[in-house]
Amino acid sequence: MVSRVIPVDPFDLVIFGGTGDLARRKILPALYRRYRDGQMPEEARIIGAARSELDADGYRAEIRAAFKEFLRAEECDDQVDAFLERLDYLPIDAMGEGGWPELKTKMRDGVTQAFYFSVGPSLFGALAERLHTNGIARSDARIVVEKPFGRDLGSAKALNATLAQHFDETQIYRIDHYLGKETVQNLMAIRFGNVLFEPLWNAQYVDHVQITVAEGVGVGGRGAYYDKSGAMRDMVQNHLMQLLCLTAMEPPNKFEPDAVRDEKLKVIRALQPVAPADIVRGQYNGNDGPSYVEDAETPDSRTESYIAMKLEIANWRWNGTPFYLRTGKRMKARKSEIVVTFKDTPHSIFDEDAGQRANILSIRLQPDEGIDLSVTIKEPGPGGMRLVDVPLDMTFAEALGPDAENVPDAYERLIMDVIRGNQTLFMRGDEVEAAWAWTDPIIEGWTERRDKPAGYDAGSSGPEEALMLMHRDGRRWRDLT
Ligand code: NAP
């Protein structure tokens, strides 16, 4: 059931930051899997670049070790050697002048050209400029940039302007790996490929939407970095915002990059400012391990490791339907889902205690990606008209059978999209800026009020105040387990 693999065109992909964590853990394993599957052609070449003084063999040895760590044992077969043959390396300091002429001579004509900026954003400008001034990047080259894309509107605008000096918007691929997830794309397929849902997808029939990205882990190990951003910058402004957009957007007239991104942008622009009473911020306590402030090594930190909020989208489709978002670290379980709760039937013909419930469509991003729709049916048996909820379950692992393991992960799909030149699942510059324009006043409000996050127990569902945010509207959060 998994679609046929169509090889992409031959390419030269330069990974700046090729020795870093992201390259070792995600980018190169993703490329290897595409190679093993026959999608990455033999002629493709990957050139790692970083300051470390390595030669090509040294780099291959590093990546071989990374594969042992990050690939499943059964994936590390005889294809690894063949893949590593495709790897090259050049020591290049993004801020220096050495290595660029050598890089230029390695780039081939007639193949797709892509540059992955897997380094901190402070180096994006230097890389873009040197690729340009050394005459390396062609006018059809693609650059891939990672999050964080700015930490507020001003810095995002500055980054966009820097990149725009040397690259056209059609060449820039801003990655949000949530958009590469199978279920996220399936959300669009379900909405726009079926006649069933779209007529109901509005304030008349939808009671509310919940979007959850809960993590079991804390910020230990990267606490000092995380403390400068917090859940709002790290998760809401990008990942949750993207999920919200895909759930709420109007049907684009075509499944094409700008048509889809125009509709997402309209959703962000229609978001109402959020009142302080509609936001709950939290920090995990150290009941069974280090607390947030211990992990962040900042005893008086006011950064949130949890956030829950109620959003309103001011347009005809959604007026009056709240969207509840929550994300947090050290939660009861690792779970990401979008849940659409439909309204009750306008009139029930059944007894009040028959057990009729509203329909719920849940789109699970992790774990076990899949979609289920709860529908009410009659409880089997002679016990009268008793009603029961049953899920119409579309767990991919079950629907796809043994092929489910081969569903590519987000990075595999997104990197292949870069090579194919398809920007649909990448954020456009104006989208990112609009998201920051909405986020900034909220964060500024916290700073002005010296807002202090509420404590919550590690391993719980978040602060009590977040439960109240729902209870006061007569609703409840979905259980995290
Ligand atoms: P990292 O482990 O610190 O790696 C940074 C890489 O950049 C290394 O290869 C480093 O190698 C290279 N580098 C640093 N300064 C350089 C310079 N002046 N010139 C050339 N290369 C330089 O960071 P990472 O975790 O891989 O993250 C890379 C980027 O992806 C960051 O922007 C991060 O926010 C983003 N990101 C990471 C993840 C993740 O899971 N890791 C997830 C999402 C986004 P040398 O020291 O040898 O130069």
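Residues numbered from 1 in each chain as written. Predicted model: local features only at pLDDT ≥ 70, side-chain atom pairs only at ≥ 80, totals over all residues. Heavy atoms only, no water.

Undergrad: Got a minute to help me understand the overall build of the protein chain in this structure?
TA: Check the secondary structure of the protein chain and you find 15 helices and 15 strands. Relative to the globule expectation of 23 Å for 481 residues, the C-alpha radius of gyration of the protein chain, 24 Å, shows essentially globular dimensions. Principal axes of the C-alpha set define a box for the protein chain whose edges measure 80 × 55 × 45 Å. Taking all 481 residues of the protein chain together, 52% fall into the buried category. Partitioning the intrachain contacts of the protein chain with sequence separation of at least 6 by distance along the chain shows that 76% fall at a separation of at least 24. Accessible area for the protein chain stands at about 21,400 Å²; split by element, carbon and sulfur atoms hold 51% of it. Between the centroid of the 59 positive side chains of the protein chain and the centroid of its 77 negative side chains there is a distance of 1 Å. (Helix = DSSP H or I, 4+ residues; strand = E, 2+ residues; numbered from the N terminus. Rg over C-alpha atoms; globule rule 2.2 N^0.38 Å. Buried < 20%, exposed > 50% of the residue type's maximum accessible area, 1.4 Å probe, protein only. Contact = heavy atoms within 4.5 Å. Areas by Shrake-Rupley, 256 points an atom, 1.4 Å probe, with all protein chains shown as cover. Lys, Arg positive; Asp, Glu negative; His and termini not counted. Charge placed at Lys NZ, Arg CZ, Asp CG, Glu CD.)

Undergrad: Explanation requested: the domain arrangement of the protein chain in the structure shown.
TA: One widely used convention gives an interface's size as the accessible area the parts lose upon coming together. What the domain assignment reports for the protein chain is domain 1 (11–146) and domain 2 (179–407 + 428–471). Here domain 1 and domain 2 have C-alpha centroids that lie 34 Å from each other. (Domains from an automatic or database assignment.)

Undergrad: How should the site of the ligand be read in this particular structure?
TA: Of all residues adjacent to the ligand, which total 21 residues, the nearest are Thr19, Arg25, Arg51, Ser52 and Ala94. Between the ligand and aspartate 21, the relevant distance is 2.8 Å, taken from a nitrogen atom to a side-chain nitrogen or oxygen of the residue. In this structure, arginine 51 approaches the ligand through a main-chain N or O atom, which is 2.8 Å from an oxygen atom. About the coverage of the ligand: the protein hides 72% of its 880 Å² of free accessible area. It is helix H1 (residues 21–36) that contributes the most residues to the shell around the ligand, 3 residues altogether. For the shell around the ligand, a count of residues per class yields 8 nonpolar, 7 polar and 6 charged. (Near = heavy atom within 4 Å. Polar contact = N/O pair within 3.5 Å; in protein donor to acceptor, adjacent residues only side chain to side chain. Nonpolar A, V, L, I, M, F, W, Y, C, P; charged D, E, K, R; others polar.)

Undergrad: It is not clear to me how the sheet that holds strand E1 (residues 11–16) should be interpreted in this structure. Could you clarify?
TA: Either a parallel or an antiparallel arrangement is found when strands of a sheet pair, and the pairing is made through backbone hydrogen bonds. Pairing is parallel across the open sheet formed by 6 strands, whose spatial order is E3-E2-E1-E4-E5-E6. The open sheet has two edge strands with one neighbour each: strand E3 (87–91) and strand E6 (172–174). Across the sheet, the mean angle separating the axes of adjacent strands is 20 degrees when strand polarity is ignored. One ladder, built from 4 bridges, connects strand E4 (residues 112–117) with strand E5 (residues 142–145); its direction is parallel. Each bridged residue has a counterpart across the sheet, and for phenylalanine 115 the counterpart in E5 is isoleucine 143. Across the sheet, H1 is in contact with E1, strand E2 (45–50), E3 and E4; its angle to E1 comes to roughly 170 degrees. (Pairing = 2+ DSSP bridges. Axes fitted to C-alpha atoms, helices over the stretch in contact; angles between N-to-C directions.)

Undergrad: It is not clear to me how the packing of aromatic side chains should be interpreted in this structure. Could you clarify?
TA: Aromatic ring pairs are defined here through the distance separating the ring centres and the angle between the ring planes. For the coordinates displayed, the defined rule picks out 16 aromatic pairs. With a centroid separation of 5.8 Å and an interplanar angle of 90 degrees, the aromatic rings of tyrosine 284 and tyrosine 292 are classed as edge-to-face. Side by side, tyrosine 284 and tyrosine 292 carry an identical accessibility label, which is buried. Through successive ring pairs, a cluster of aromatic residues spans Phe16, Trp100, Phe115, Phe117 and Phe124. Its end group placed over the ring of tyrosine 178, lysine 181 keeps NZ or CZ at 5.5 Å from the ring centre. For arginine 281, the ring lying beneath its charged end belongs to tryptophan 446, and the centroid distance is 4.2 Å. (Phe/Tyr/Trp six-rings, centres within 6.5 Å; stacked < 30°, edge-to-face > 60°. Lys NZ or Arg CZ within 6 Å of the ring centre and 35° of its normal.)

Undergrad: Can you walk me through the pairing of strand E7 (residues 206–214) in this structure?
TA: Taken residue by residue, a regular strand's side chains alternate between the two faces of the sheet. Of all the 9 residues making up E7, 8 are buried; the element is thus mostly covered by neighbouring parts of the structure. Pairing geometry for E7 and strand E10 (residues 323–328), over 6 bridges, is parallel. Each residue of the ladder has a partner; that of isoleucine 211, found in E10, is leucine 325.

Undergrad: How should I be thinking about the packing of helix H5 (residues 124–133) against helix H6 (residues 153–166) in this particular structure?
TA: For any two helices packed against each other, one specifies the inter-axial angle together with the distance between the axes. At a minimum axis distance of 9 Å, the contact between H5 and H6 shows a crossing angle of 5 degrees. Considering the angle they form, H5 stands roughly parallel to H6. Only Leu159, Thr162, Leu163 and His166 of H6 make contact with H5, whose side of the interface consists of Phe124, Gly125, Ala128, Glu129 and His132. Residue classes in the contact of H5 with H6 are distributed as 4 nonpolar, 4 polar and 1 charged. (Parallel < 35°, antiparallel > 145°, perpendicular 65-115°, else oblique.)

Undergrad: Even after reading the chapter, I still don't get the pattern of salt bridges, so can you show me in this structure?
TA: Oppositely charged side chains can form a pair if their charged atoms are brought close together. Taken as a whole, this structure holds 44 salt bridges when the rule is applied. For the salt bridge of aspartate 21 with arginine 25, the shortest nitrogen-to-oxygen distance reads 3.0 Å. Residue aspartate 21 and its partner arginine 25 are located together in helix H1, separated by 4 residues, close to a single helical turn. Between glutamate 304 and arginine 281 there is a salt bridge, and its shortest N-O distance comes to 2.9 Å. Here arginine 281 lies in strand E8 (residues 279–284) and glutamate 304 lies in the loop between helix H11 (292–296) and strand E9 (306–311), a separation of 23 residues in the sequence. Of the residues examined, glutamate 304 reaches a relative accessible area of 2% and is grouped as buried. (Salt bridge = Lys/Arg side-chain N within 4 Å of Asp/Glu carboxyl O.)

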